[in-house]
Structures are given as C-alpha cells and as structure tokens.
There are 2 protein chains.
Amino acid sequence: MREFKRKSRVLLVDDNSDHLRGIKELVTLEGCYDVVGTTTSANVAINLIKKYRPDIVLMDINMPEKDGLQAIQEIERLGLDTRVIALSGYDDADLIFRAMKLGAKGYVLKTMASAQLIYAIDEVAAGKVYLPSALTSRFFEYFQRSFKEEAVVSDEENLLTYLTSREEEVLELLTQGNNYKGIAGKLFISETTVKTHVNNIFQKLQVNDRTQAVLYALNNGFGNRKRSKVAV
Amino acid sequence: MREFKRKSRVLLVDDNSDHLRGIKELVTLEGCYDVVGTTTSANVAINLIKKYRPDIVLMDINMPEKDGLQAIQEIERLGLDTRVIALSGYDDADLIFRAMKLGAKGYVLKTMASAQLIYAIDEVAAGKVYLPSALTSRFFEYFQRSFKEEAVVSDEENLLTYLTSREEEVLELLTQGNNYKGIAGKLFISETTVKTHVNNIFQKLQVNDRTQAVLYALNNGFGNRKRSKVAV
DNA sequence: TATTTTATCAATCCAAAGATTTAGAACGAA
DNA sequence: TTCGTTCTAAATCTTTGGATTGATAAAATA
C-alpha cells in the first residue's frame, strides 16, 4: 500500500435523494474519503454494508419506512468494523440517547456546519466516539435524569439503611442465592447465627421470607454494583 | 446588580493541600471566579456547600477517607443548584461513568492543561455538561459495551424459553414474593399443582430453590418492564 | 389415530426455613 | 461504670419448601 493513511470508505444513507447528493458532494470534495455507495433505503444499506464493508456509515435516522435507529442496531449486530454516525434533524435528547445506546459512534445534526460533519467522520474513523459538545450536554442531562428518578425512589424511606453491616453481608449472600449453610460457610459463623441475622433482616425489611427480602434489596438499590434501573 | 455577569462562586476540594493551593491560584488568577472556600475533606465540603451554596464545586474524586464519588452523590441529593465537576488523576472509563451517573456535570483530568479546566468551569457554570472529547469517547465505549453485553446475555441460551406459559405465570408470581399458598389462590389451582409447576421450573432453570429461580428470572430478561442490566 | 405435551391433583417424606427465647462477649457512647 | 448495640450461638418448635411417585384429562402434534 502506497498511501500512509488509507482513505476511509464511506456509505451514505438518507431517504431524501437531494440531501444524499448534497452530502455526497460534500464528502467527496473533501478528498480523503471513498464513497462506496449511497442509498435512500435502510434495508438496501444493510446489504451494501455486508457487501462492501465500509469503514463509516452516515445514517439518517429520520426516515419513514425503516427506522434508522433499528438499522443502526442491525448493523451493530453484524459484528463488523463498520462504525455508524447518526445524522438527524433533531437534537432531541431521547433520540440521541437511543442512537448512542444502540451503538452509534457519532451523532451529527444536519443543520450543523459541514466542517463539523467532516470532523466527526475523521474522529470516528480514528476509532473514537464523537458527539458535538452541545449534544454531549443534552445526552448527559437525559442520562443523569434517568438515574436521578431512580434515586428518588430508593430514598425517602429505605429500610435497608436500618441494617447493620453484618446484616448487609448476610443479605448480600442471600441475593446471590445462598442458603443458610452456604452463608454460614462463607462467613465462618454457625448456621444458627445466620438464622438470627436473617430473622433480624426480615423484621427490619418487614418481609416474611428470603425471597421477599432479596426482592426488596434488589428493588431498593442494594448491590448497585451490578444492577440499576435505566429507563431506555 | 451592576455586573452583567455575576462571578461564579467556586468551592475547591482536594485532599492534597499542595494541589489545592495550585488550583486555587489558577482559578483565582483567572479573575472571573470567587473562590468561596477550599478544603481537604469531603465531609467538610458538604457542610461548606450547605452554608455557602457555591455555583461550582471542583471535587477531587481520588481521596482516601471519604470517597469523592460518594460526596458527589450526597451533594446531588441536597437538591441545590450547585454543580459538581469531578477532578481525577485517572481517565478510567469506569470512574468517568460512575461520576457522571452520580450527577457530576463535568470530569477533568488533573494532567490536562489549565485552560481546559477553566473552560470546563465556564461551560458547567453556563448550565451545560462538559466532558473533554477524549473522555467523552471513553465514556461511550463503556456505555455501549454495557448494553452490548446485555444483548448477548439475553440471547444465546436463555433457559426461560423452555418454560410453558403456565410455568411463566407461576414464575411471575414467584418473582413477586408469593409463597405456594399465595400462588395457588391467585391462579385458582391447588397448592400441590403449584408445587409441581415450581419443581418443573427448578428443573428447567437448573436451580435449587425459589430464590435462585427468581434471581435467574430477573437476571435473564424476565419481567423486563422495569429492569435492565447496566454495569455500574 | 397414536403419541407427546401440558395442566391438574394427591400422598408422602425429609430437609430447610422461619419464629421465639435466652444468653454471653465485645464495643462504644453516655 | 453502665447502658445499648452488635455479633455470636444454642435449643426448640412449627411451618414451609422441595423431591418423588403416580395418576387423570385435555390439547397439541405427529
């Protein structure tokens, strides 16, 4: 290979053929990209991607027939090296969040300056994830709000706060599916002691059995290391 | 008020008093900030925030005694207008993710140029969320990976698919904390029938008791209405 | 039609879980 | 020091849970 830096191979997808032409011109003029194809259909796009394995796909996500978001998901599931940049007319936080969740490596507004789009392509082609700072801000407001609502739920009166640290350890093991014997073995204490702790836990959490205790724990922020609620 | 733009009131928190002095100097020299306080303790910081209601808190999150992340969470729970920027020595994706999840409005590395910090303060003070683009990229890699793993898990070999519809109903009631009697009453069948179903469920899910069955169900997409996995 | 799957129920039987009471040792706070 | 809390443990007892076997009837499927 003679070039130092291989040209990025780009596929353009937009249901509006005028836009498509405009984008193609813009990207081609830049000189450092190979436009391997353009299409107005998300379904066709998937096939083209399988065939040509582009580095970058510019995907309009405001298309009528097949949802661009769904297309992004399908492309990601192909497991190729193709990286998708979402093109959208809206800076809606929910749209941004969903696109990024589904695997988009960038999100650029159609109203943004063309230089912005070129920059995004370069960044994403270089293996980074790129979001214009204004959209990053939008994204995080949405992201943080979804966690905040969770916090409110688990706050007010969380019975878990009444547990002693030892009881928390026991509950932790309960939430892993251990029985008395298993817990006793792991904490190096007798089975009767575990029973005492568990009974105290039941009292404090106001439940009748271990399953309810485990459910209460999981629903109220216990073991947040691995579990959390994110509205998606 | 005579000024067009009120000076942002800033609180600095870093357990290393040398760093603290350095940051204070940097921020003060800039001229457009009021440093309302500095402290090496996260606990003291919380009290100072309650007292002085700063606009911005620069919070070192690599502190020994009280975790800076925990401090961020507590500050957010105060429900004030104070916006926290995390200061860290590490560009670890997990750290960034957790800080942002807990409500940080920015994340800046200590190794970054001072202009970057000043810029972050301005952006956050203006109501935005600010992450340097390199860290944004890190964040999203982590974010997207957590959703990707979820998809993989819930696919491959989900034992829940072997359950009959009646068994699903029973399992649903199990995941609500019902015992045999409760389930029998709700499905208008005998307790022994419920026992049969539950035993079959255990066989199919390869578990030993109801708690493990419930945990398997919750971890494998059963009742996805309210729950999803995001490693946090 | 023959066969398999599903849903129903009963009778055991043993193991595990849960309730209750009592109590000693360690520790920190008043 | 005294008091309260926590962690530990045992004994006892009742209830629930779980395993197993066997059986019937309807429904789906081959």
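These numbers were taken from a predicted model, which means no experiment stands behind them.

Caption draft 1: Spatial organisation of the overall build of chain A. Within chain A one finds 10 helices and five strands. Looking at chain A as a whole, 48% of its 232 residues qualify as buried. Relative to all contacts within chain A whose residues are 6 or more apart in sequence, the contacts with residues 24 or more apart total 64%. Of the roughly 11500 Å² of accessible surface on chain A, 48% is carried by carbon and sulfur atoms.

Caption draft 2: Structural context of the protein's contact with DNA strand D. Neighbouring residues of DNA strand D: 17 residues in total, closest A:Thr164, A:Arg166, A:Ser190, A:His197 and B:Asn199. If you look at DNA strand D and keep only atoms within 4 Å of the protein, 71% of those are sugar or phosphate atoms. A:Arg166 has a polar side-chain atom sitting 2.6 Å from a phosphate oxygen of DNA strand D. Contacts to DNA strand D include B:Lys195, whose side-chain N or O atom sits 3.1 Å from a base oxygen. Going through the elements one at a time, helix H7 (165–174) and helix H9 (191–205) of chain A together with helix H9 (191–205) of chain B are the ones with two or more residues in the surface near DNA strand D. Considering every element that reaches the surface near DNA strand D, the biggest residue donor is H9(A), with four residues.

Caption draft 3: View of the protein's contact with DNA strand C. Taken together, 17 residues lie around DNA strand C, and A:Asn199, B:Thr164, B:Arg166, B:Ser190 and B:His197 are the ones closest in. Protein-proximal atoms of DNA strand C, defined as those within 4 Å of the protein, fall in sugar or phosphate at a share of 69%. At 3.2 Å from a base nitrogen of DNA strand C is found a side-chain nitrogen or oxygen belonging to B:Thr196. Of all the secondary structure elements, the ones that give two or more residues to the surface near DNA strand C are H9 of chain A together with helix H7 (165–174) and H9 of chain B. Within the surface near DNA strand C, the residues separate by chemical class into three nonpolar, 10 polar and four charged.

Caption draft 4: Structural context of the nonpolar core. With 68 residues, the main nonpolar core has A:Tyr107, A:Phe139, B:Tyr107 and B:Phe139 as its most contacted residues. Ranked by size, the runner-up nonpolar core spans 46 residues in total, among them A:Leu174, A:Ile183, B:Ile183 and B:Tyr216.

Caption draft 5: Spatial organisation of the sheet that holds strand S5 (residues 106–109) of chain B. Residue and element names in this part refer to chain B. Spatial ordering of the open sheet is given by S2-S1-S3-S4-S5, a layout of five strands whose pairing is parallel. Both outer strands of the open sheet, strand S2 (33–39) and S5, are each paired with one neighbouring strand and no more. If you compare each strand with its neighbour and ignore which way they point, the axes differ by 20 degrees on average. Bridging between strand S1 (residues 8–13) and S2 involves six bridges; their strand directions are parallel. Following the sheet pairing, Leu-12 is matched in S2 by Thr-38. This element, helix H4 (residues 93–101), spans strand S4 (83–88) and S5 of the sheet and lies at about 145 degrees to S5.

Caption draft 6: Geometry of the sheet that holds strand S5 (residues 106–109) of chain A. Residues and elements named next belong to chain A. Taken together, the five strands give an open sheet; going across it, the order is S2-S1-S3-S4-S5, and neighbouring strands pair in parallel fashion. Among the strands making up the open sheet, the edge pair consists of strand S2 (33–39) and S5. Recorded for the sheet is a direction-independent mean angle of 20 degrees between the axes of neighbouring strands. Against the sheet, helix H2 (residues 42–52) makes contact with strand S1 (8–13), S2 and strand S3 (56–60), and its axis sits at roughly 165 degrees relative to S1, the strand it touches most. Sitting on the sheet, helix H4 (residues 93–101) touches strand S4 (83–88) and S5, and the angle it makes with S5 is about 145 degrees.

Caption draft 7: Expanded view of the environment of B:Lys24. All names here are of chain B. Mapped onto the elements of the fold, Lys-24 is located in helix H1 (residues 17–30). A relative accessible area of 40% places Lys-24 in the partly exposed class. Sequence spacing of Lys-24 and Val-10 is 14 residues, and the spatial spacing of their C-alpha atoms is 9.6 Å.

Caption draft 8: Expanded view of the packing of helix H10 (residues 210–219) of chain A against helix H10 (residues 210–219) of chain B. Where H10(A) contacts H10(B), the axes come no closer than 9 Å and their chain directions differ by 30 degrees. The angle between the axes of H10(A) and H10(B) places the two elements in the roughly parallel class. Between H10(A) and H10(B) lies a crossing of right-handed hand. Of the residues in H10(B), those in contact with A:Arg210, A:Thr211, A:Val214, A:Leu215 and A:Leu218 of H10(A) are B:Arg210, B:Thr211, B:Val214, B:Leu215 and B:Leu218.

Caption draft 9: A look at the side chain of B:Ser88. All names here are of chain B. On the secondary structure map, Ser-88 appears in strand S4. Of the polar contacts made by the side chain of Ser-88, one reaches the side chain of Asn-62; its length is 3.1 Å. A polar contact is formed between the side chain of Ser-88 and the backbone nitrogen of Tyr-90, at a distance of 2.9 Å. Aside from chain neighbours lying at most four places away, what touches Ser-88 is Ile-61, Asn-62, Leu-95, Tyr-107, Val-108, Leu-109 and Lys-110.

Caption draft 10: Seen up close, the side chain of B:Thr136. As for its position among the elements, B:Thr136 is in helix H6 (residues 133–153). Taking the relative accessible area as the measure of exposure, B:Thr136 reaches 3% and is therefore buried. A polar atom in the side chain of B:Thr136 sits 3.3 Å from the backbone oxygen of B:Leu131. With near-sequence residues (within four places) excluded, B:Thr136 lies in contact with A:Thr136 and B:Leu131.

Parameters at a glance
Residues numbered from 1 in each chain as written. Chains lettered and ligands numbered in written order. Predicted model: local features only at pLDDT ≥ 70, side-chain atom pairs only at ≥ 80, totals over all residues. Heavy atoms only, no water. Helix = DSSP H or I, 4+ residues; strand = E, 2+ residues; numbered from the N terminus. Buried < 20%, exposed > 50% of the residue type's maximum accessible area, 1.4 Å probe, protein only. Contact = heavy atoms within 4.5 Å. Areas by Shrake-Rupley, 256 points an atom, 1.4 Å probe, with all protein chains shown as cover. Near = heavy atom within 4 Å. Polar contact = N/O pair within 3.5 Å; in protein donor to acceptor, adjacent residues only side chain to side chain. Nonpolar A, V, L, I, M, F, W, Y, C, P; charged D, E, K, R; others polar. Core = buried A, V, L, I, M, F, W, Y, C linked by side-chain atoms within 4.5 Å. Pairing = 2+ DSSP bridges. Axes fitted to C-alpha atoms, helices over the stretch in contact; angles between N-to-C directions. Parallel < 35°, antiparallel > 145°, perpendicular 65-115°, else oblique. Left-handed = near helix turned anticlockwise from the far one by under 90°.

Scope: geometric values only; no functional claims are made or implied.
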